[in-house]
Amino acid sequence: MSGAVRSRGRARRILTEAGSGLLAVVLLIWSLLPVYNMFLIALDPEEGEVEFTGNLWTPEPSLQSFVEVVTQDARYLETFWQQFGNSLIIGAATTVLTVAIGSLASFAVSHLRLAKGRLLINTALLSYAIPASFLIVPYYHIVHAYGLSDNLFAVIAAQVTFATPFAILILQLYGRLIPAQLDDAARVDGASPVQVYLRIYLPVMVPALAVVALYALMLAWNDYLYQAVLLLPRNGTMAMVQGNLFADTDAEWNAMMAAGMIYALPPIVLLLVLRRHVAASLAMVSAGI
Amino acid sequence: MSTQQILAVPSRLPATGSARSPRRGNLRRADVIWGIAFVAPYAAVFLAFIVYPFGYALWLASEPSLYSELIADPLYLPVLINTLLFVGLGVNVKMFLALLLSGFFLRRRWWIGALLAVYLLPWLIAAPQVGVSFHWMLIGEQGLIDGLLRELFGIDGPLWFNDRALAVGANTVAYVWKWMPFWTVIFLAARMTIPRDIYDAASIDGATGVRRFVHVTFPLMANLYLVCTLLSTLWTLGDFTTVWLISMGAPAGHSHVLATLGYRYAFDTSQPALGVAAVMSVLPILIPMAIVLMRRFHVSEVRV
């Protein structure tokens, strides 16, 4: 009888293993199919051979289009490095400013025991009642009023505005798990709030700041609307090139896809650099909700 | 029982009596000034880039005639339904699958780490790029998907963007593809904080498999799941890029959502006030959702 139970247990285990293997294959295909599509078009040396035929593989795969992109030889990508540079400036500035503004506000609420600190958290949450794209029309007008038309800073300000509430939430959740005695002790030693912020708060919060940084960069990287509306094409970004010209069959699509794949690298690098901190803080933060 | 109780997270000590001593009193006053200085940058951003534009939007959209104009547009009602389908289906399917898959990624196998890295790729590829790739994959008879259907099954794929249901469906699938990994990681992190003892205790009581998920795992994660779903719903209502770059609203504007319809009014047909009114027409749904989000978010604060 026990033998029957044991063999039933084994059959079940084999079934579970087969099931997870199958699920793994499905997830691989699901995740990689659109990525494969980008490769397929990017590796085609002659534009227009793959993307309009439904072919599953390029007859003569080559890295020609990647070379064309980095040497700025492709049509519409003559200023590739300027476009990529603009994207990097927007991404980097959004990341740094979100981390700075978010951590300052969060420190004030939880460590200086600011009266009405709760109000600040609520306003941060409430600002998500209006999805970012819903404000593009008034934003377009006020950016002109502020004298920031066709200025990268207009896009940066928009991204920082929408990233900071989430930053404050994450930092609050994470900060709640840090013992307050730490900075009380420092205060007794006569350190000013600025010193406590720089020497104790920031180092302790590094894992949460890593999540905030990655989130802010992805927000800026995912944005197309604000860049397309607030910047002029001659001062464009990677997102604008991709989005503005995507319906244009005149664009060299192999080069466009190659450029898109290069554009995907900075977030991947940042995640690899920060992965330990991200994993550690996500676990703590999600335990707090 | 909440996860933070299980973790026995050290809670913040309440302000002690010594805070009222004269010396501390001076410090407190200095702290208030510092506190205001520290909050000032966020307050400035909030006033200049949220309050001002939002007030401006309300003023632009305050004309009642705009709303009769909206209703009169034969496109408005279909777009409202598309938005409901795109957000309702997209968010819930994504969240539910993410919750299930987070359990799968918890398995201890040598290949799980590598699979997770590949699975995270969609999240790291920027939305405009995702849109472009899906658009080319589905473009009628010439894309990869129709090519695959022909090779594998010998059938001619449909013209994806000539049919409203297929176009809305394509946008939704692309949206799930892009955003499911992010939420899977959040749920995976939450599951990692559930101690093994609880599962061991549950298995002694006979709770395994589906019953364990329903009676043990899900109750522990319910609040997080609700907060994430609400946040994601609010974010997804504002998703412009997916629809704009994948179906472009085809056929004839019938797969637009509110975010893209508003843009079309404002920038393609030069009716900025109508564009604002189109998106503001869902404000009565957005505000209650944000309030519920606020309350659920603070539930945990009370419990700690």
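Residues numbered from 1 in each chain as written. Chains lettered and ligands numbered in written order. Predicted model: local features only at pLDDT ≥ 70, side-chain atom pairs only at ≥ 80, totals over all residues.

## With respect to the overall build of chain A
Regarding its fold elements, chain A presents 13 helices and zero strands. Reading the helices (α) and strands (β) of chain A from amino to carboxyl end gives α-α-α-α-α-α-α-α-α-α-α-α-α. (Helix = DSSP H or I, 4+ residues; strand = E, 2+ residues; numbered from the N terminus.)

## Some words on the overall build of chain B
When helices and strands are counted, chain B shows 14 helices and zero strands. Order of helices (α) and strands (β) in chain B, N terminus to C terminus: α-α-α-α-α-α-α-α-α-α-α-α-α-α. Taking all 304 residues of chain B together, 41% fall into the buried category. The long-range share in chain B, meaning contacts at least 24 apart out of those at least 6 apart in sequence, stands at 71%. (Buried ≥ 20, exposed ≤ 12 C-beta atoms within 10 Å, placed from the backbone. Contact = placed C-beta atoms within 7 Å.)

## Re the domain arrangement of chain B
Domain boundaries assigned for chain B yield domain 1 (16-60) and domain 2 (64-303). Between the C-alpha centres of domain 1 of chain B and domain 2 of chain B the distance comes to 35 Å. (Domains from an automatic or database assignment.)

## Quick look at the packing of helix α13 (residues 265-288) of chain A against helix α8 (residues 164-192) of chain B
Running from amino to carboxyl end, α13(A) crosses α8(B) at an angle of 80°, the nearest separation of the two axes being 8 Å. The angle between the axes of α13(A) and α8(B) places the two elements in the roughly perpendicular class. From α13(A), A:L282, A:A283, A:S286 and A:A287 reach across to α8(B), where they touch B:V185, B:I186, B:A189, B:A190 and B:M192. Along the lines of polarity and charge, the residues of the contact of α13(A) with α8(B) split into eight nonpolar, one polar and no charged. (Axes fitted to C-alpha atoms, helices over the stretch in contact; angles between N-to-C directions. Parallel < 35°, antiparallel > 145°, perpendicular 65-115°, else oblique. Nonpolar A, V, L, I, M, F, W, Y, C, P; charged D, E, K, R; others polar.)

## Some remarks on the domain arrangement of chain A
Residue and element names in this part refer to chain A. By the assigned domains, chain A splits into domain 1 (2-70) and domain 2 (80-288). Listed by partner, the interface residues are ten residues for domain 1 and eleven residues for domain 2. Counting residues per element, the ones that place at least two in the side of domain 1 that touches domain 2 are α1 (2-42) and α2 (64-70). No other element matches α2, which puts four residues into the side of domain 1 that touches domain 2.

## Observations concerning the environment of A:L135
Considering the arrangement of structural elements, one finds A:L135 in the loop between α4 (117-126) and α5 (136-145). The spacing of A:L135 and A:A158 is 23 residues in sequence and 9.8 Å in space, taken between C-alpha atoms. Beyond its immediate chain neighbours, meaning those up to four positions away, A:L135 contacts A:I130, B:P53, B:F54 and B:A57.

## Thoughts on α5(A)
Structurally, the α-helix is built with 3.6 residues per turn, so residues lying three or four positions apart point the same way. Taken residue by residue, α5(A) has A:I136, A:V137, A:P138, A:Y139 and A:V143 as its buried positions. At the C-terminal side of α5(A), A:G147 shows a positive phi close to 70°.

## Overview of the nonpolar core
All names here are of chain A. Within the largest apolar cluster, 172 residues are counted, with the highest numbers of intra-cluster contacts made by A105, I170, A208, V212 and A259. Among the elements that make up this core, the one with the highest residue count is helix α6 (residues 152-175) (16 residues). Setting aside chain neighbours within four positions, we find A208 in contact with I170, L171, Y174, S281 and V285. (Core = buried A, V, L, I, M, F, W, Y, C linked by C-beta atoms within 7 Å.)

## Describing the interface of chain B and chain A
Listed by partner, the interface residues are 89 residues for chain B and 79 residues for chain A. Considering each element in turn, the side of chain B that touches chain A owes the most residues, 17 residues, to helix α2 (residues 22-60) of chain B. The class makeup of the residues in the side of chain B that touches chain A is 67 nonpolar, 15 polar and seven charged.

## Some remarks on unusual backbone geometry
All names here are of chain B. Look at the link from A250 to P251: it is a cis peptide, with omega at -5°. You can see P251 is positioned in the loop between α11 (241-246) and α12 (258-268). Positive phi is not limited to glycine here, since A252 has a value of about 50°. Secondary-structure assignment places A252 in the loop between α11 and α12. Positive phi, normally seen in glycine, also occurs at S270, with a value near 55°. Mapped onto the secondary structure, S270 falls in the loop between α12 and α13 (272-280). For S270, a count of 9 C-beta atoms within 10 Å translates into the label exposed.

## Focus on the environment of B:N92
By secondary structure assignment, the location of B:N92 is in helix α4 (residues 76-104). Considering only alpha carbons, one finds B:N92 and B:R108, 16 residues apart in sequence, at a separation of 27 Å.

## Here we look at α8(B)
When the terminal C-alpha atoms of α8(B) are compared, their 41 Å separation across 29 residues agrees well with the 42 Å that a helix rising 1.5 Å per residue should span. The largest bend in α8(B) comes to about 40°, at B:W179, with the proline B:P181 one to four residues further on. (Expected span 1.5 Å × (residues − 1). Bend = angle between axes of the 7 residues up to and from the residue.)

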